[in-house]
Structures are given as structure tokens and as C-alpha cells.
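Here is what each chain is made of, one letter per residue.
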Amino acid sequence: MNQTAAQRLVFAMLDADGDGIVSRDEYMARARNVALATGRTEDDPLVVTARTLGERAWASMDADGDGGMTFDEYAAWAGAEAFDTVCAPVLGALFDLADTDADGALGVSEFTALRTALNNPATNAEAAFAALDTNGDGRVGRDDYIASIRAHVTGEGSPMGTALYTRPLSYIPA
Ligand SMILES: [Ca+2]
Ligand SMILES: [Ca+2]
Ligand SMILES: [Ca+2]
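Residues numbered from 1 in each chain as written. Chains lettered and ligands numbered in written order. Predicted model: local features only at pLDDT ≥ 70, side-chain atom pairs only at ≥ 80, totals over all residues. Heavy atoms only, no water.

## Details of the coordination of the calcium ion (ligand 2)
This is how it is decided: Coordinating donors are taken as N, O and S atoms within 2.8 Å of the metal, stretched to 3.2 Å for Na, K and Ca; because water is absent from the atoms, sites can appear incomplete. In these descriptions, tetrahedral denotes four donors with every angle between 85 and 135 degrees, square planar four donors and octahedral six donors with opposite donors over 155 degrees apart and the rest between 65 and 115, and irregular any other case. Accessible area is worked out with a 1.4 Å probe on protein chains only. A residue is then buried under 20% of its type maximum, exposed over 50%, and partly exposed in between.
For the calcium ion (ligand 2), the full set of protein donor atoms is Asp 62 (OD), Asp 64 (OD), Asp 66 (OD), Gly 68 (O), Glu 73 (OE) and Glu 73 (OE), and the range of their distances to it is 2.1 to 2.6 Å. What the 6 donor atoms of the calcium ion (ligand 2) show is an angle range of 51 to 161 degrees at the metal, which sorts the shape as irregular. Each donor residue of the calcium ion (ligand 2) lies on one chain, and together they are spaced D-x1-D-x1-D-x1-G-x4-E. For Asp 66, a relative accessible area of 54% gives the class exposed.

## Section: the environment of Val 108
What counts, and what does not: Going along the chain from the N terminus, every DSSP run of H or I of four or more residues is numbered as a helix, and every run of E of two or more is numbered as a strand. By the convention used here, residues are in contact when the closest approach between their heavy atoms is within 4.5 Å.
Looking at the element boundaries, Val 108 is found in helix α6 (residues 108-117). Overall, Val 108 belongs to the partly exposed group, its relative accessible area being 39%. Distance in space between the C-alpha atoms of Val 108 and Gly 68 is 33 Å, their sequence separation being 40 residues. Discounting chain neighbours no more than four positions away, the residues touching Val 108 are Phe 129 and Gly 138.

## Quick notes on the UniProt feature "domain: EF-hand" (unreviewed entry) in the chain
As a reminder of what qualifies: UniProt positions are given in the numbering used here, feature names are shortened, and annotations may be inferred rather than shown by experiment.
Residues annotated in UniProt with the feature "domain: EF-hand" (unreviewed entry) correspond here to residues 2-37, 49-84 and 120-155. The annotated region residues 49-84 carries 69% helix and 8% strand content, and the separation between its end C-alpha atoms amounts to 17 Å. When the span residues 120-155 is considered, its composition is 64% helix and 6% strand, and the gap between its end C-alpha atoms is 20 Å.

## As for unusual backbone geometry
Backbone geometry at Ala 102 places phi at a positive 55 degrees, although glycine is not the residue there. With respect to the element layout, Ala 102 can be found in the loop between α5 (80-98) and β3 (105-106). The class for Ala 102 is exposed, based on a relative accessible area of 66%. Unusually for a residue other than glycine, Asn 119 sits at a positive phi of about 85 degrees. Tracing the chain through its elements places Asn 119 in the loop between α6 and α7 (122-132).

## A short note on the nonpolar core
Note the following rule: Remark: nonpolar core denotes a set of buried residues (Ala, Val, Leu, Ile, Met, Phe, Trp, Tyr, Cys) joined through side-chain atoms within 4.5 Å.
Counting residues in hydrophobic clusters, the biggest one holds 49 residues, and the most contacted among them are Tyr 27, Tyr 74, Leu 94 and Tyr 145. For this core, the element with the highest residue contribution is α5, accounting for 11 residues.

## Re the pattern of salt bridges
How we decide: A side-chain nitrogen of Lys or Arg and a carboxyl oxygen of Asp or Glu constitute a salt bridge if their distance falls within 4 Å.
Taken as a whole and assessed by the stated rule, the structure comprises 5 salt bridges. Arg 40 serves as the salt-bridge partner of Asp 44, at 2.9 Å between the closest nitrogen and oxygen. Summarising the burial analysis for this pair, Asp 44 and Arg 40 share the class buried. Of the charged contacts in the structure, one is a salt bridge between Asp 96 and Arg 142, with a shortest N-O distance of 2.9 Å. Taken together, the residues span a long stretch of sequence, with Asp 96 in helix α5 and Arg 142 in helix α8 (residues 142-153) at a distance of 46 residues. The exposure class assigned to Asp 96 is partly exposed, which follows from its relative accessible area of 21%. The partly exposed category is assigned to Arg 142, whose relative accessible area is 29%.

## Observations concerning the coordination of the calcium ion (ligand 3)
Put simply, a metal with four donors set out as a tetrahedron has ideal angles of 109.5 degrees, and one with six donors set out as an octahedron has ideal angles of 90 or 180 degrees. Bound to the calcium ion (ligand 3) are the protein donor atoms Asp 99 (OD), Asp 101 (OD), Asp 103 (OD) and Ala 105 (O), situated 2.2 to 2.3 Å from the metal. Sequence positions of the donors to the calcium ion (ligand 3) reduce to the motif D-x1-D-x1-D-x1-A. On the basis of relative accessibility, which here comes to 52%, the residue Asp 101 falls in the exposed class. Owing to a relative accessible area of 7%, Ala 105 belongs among the buried residues under this scheme.

## Digging into the packing of helix α2 (residues 24-37) against α6
For clarity, the cut-off: Fitting a line to C-alpha atoms yields each axis, with helices limited to the stretch in contact; the angle taken between N-to-C directions then spans 0 to 180 degrees. Helix crossings get a hand from a simple test, with the near helix turned counterclockwise from the far one by less than a right angle marking a left-handed crossing and a clockwise turn marking a right-handed one. Residue type decides the class: Asp, Glu, Lys and Arg count as charged, Ala, Val, Leu, Ile, Met, Phe, Trp, Tyr, Cys and Pro as nonpolar, and the leftover types, Gly among them, as polar.
The interhelical angle for the contact between α2 and α6, taken along N-to-C directions, is 145 degrees, at an axis separation of 8 Å. Helix-helix and strand crossings are classified by hand; for α2 and α6 the assignment is right-handed. Residues Asn 33, Val 34 and Ala 37 of α2 touch α6, and the partners they reach there are Ala 113, Leu 114 and Ala 117. The residue makeup of the contact of α2 with α6, split by class, is 5 nonpolar, 1 polar and no charged.

Structure representation (C-alpha cells):
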């Protein structure tokens, strides 16, 4: 999968209502939805961190500040540097919300809760977990998770990214 195709899949996930624009509300709902899915309250320090990093990421992505991000705006922004400075901290913060025992790893149910809260079908999340859990110990580490998404968005190719973002043949839009 080339980088543009990979970015289109990520953009489609961010654009929850499918209108072709990622709104600020759609983006900020991500941290809120993960917090809800993991039973955390708004004043949980990890939730506050995720929200703060999300707001910072949004300010960086919505370059013209009109409250919406088109695919062209996203594609112009996305890349290795944006990932490392902006996306990786957000993904790490969301991972931490799902890591209820704070041991730096997620089991399949925690991972699926995280990714379904982020708009991925459960079957994709389970396939992504299997692709990432290469030693089969039933756990996925924080660094491996972030590195696999980085490989996807920078076009290096990521079995986990392909499993996570590609819609299954049976996918029927809601
Ligand atoms: Ca939208
Ligand atoms: Ca914009
Ligand atoms: Ca854990």
C-alpha cells in the first residue's frame, strides 16, 4: 500500500460521519470515546493528558484554523515528523487510557476496546492485534503499537496497519 492509500484509510477512520471533512468535534471525540469505553472520568489525569495532547494535535492539523480538515490538508500535514512530534504522543496517551493495569501492554480485549472506540470495526481490531502480537503472548506493547502505526502512515508498510484500517469485505456503512 502506498502512502497516499494508507493516509486515505486513516482519514476515513477520522472522518466519523463520512462527509469528507474531519471536524474538530470528530477529532476531539476520540479521546472522549476511549475514556468512556475504558470507564474513566473526565478528571482522570490520563484523560486530561489525552485531551490536552488531542487539542494540541488538532491545532497543528487544522492549519487554516477553520475547524475542519480536508484530506488535502491532512495529506500536506501527515508524515514522519508530524507523526513523531504530534501523533505519537496522542496515540500513546490513548493507549495509556486502555492500559488499565498500567503495565505498558494491552491484551486483546483492552486493545479491541481502544480501537473500536476509535472507529475501527472489532474484527479489524482483532486482526490488528494478531498482526502485532508476533510472539503470541497475548499482549501488545506501547512502543510496538506506535511503531506499527508510524510504519503505516509513512508508507513503509505495516501488517498491523493494513489489518486495522482496511475495511472487511463484509463492511456495511452504518
Ligand atoms: Ca466529518
Ligand atoms: Ca482546516
Ligand atoms: Ca495492561
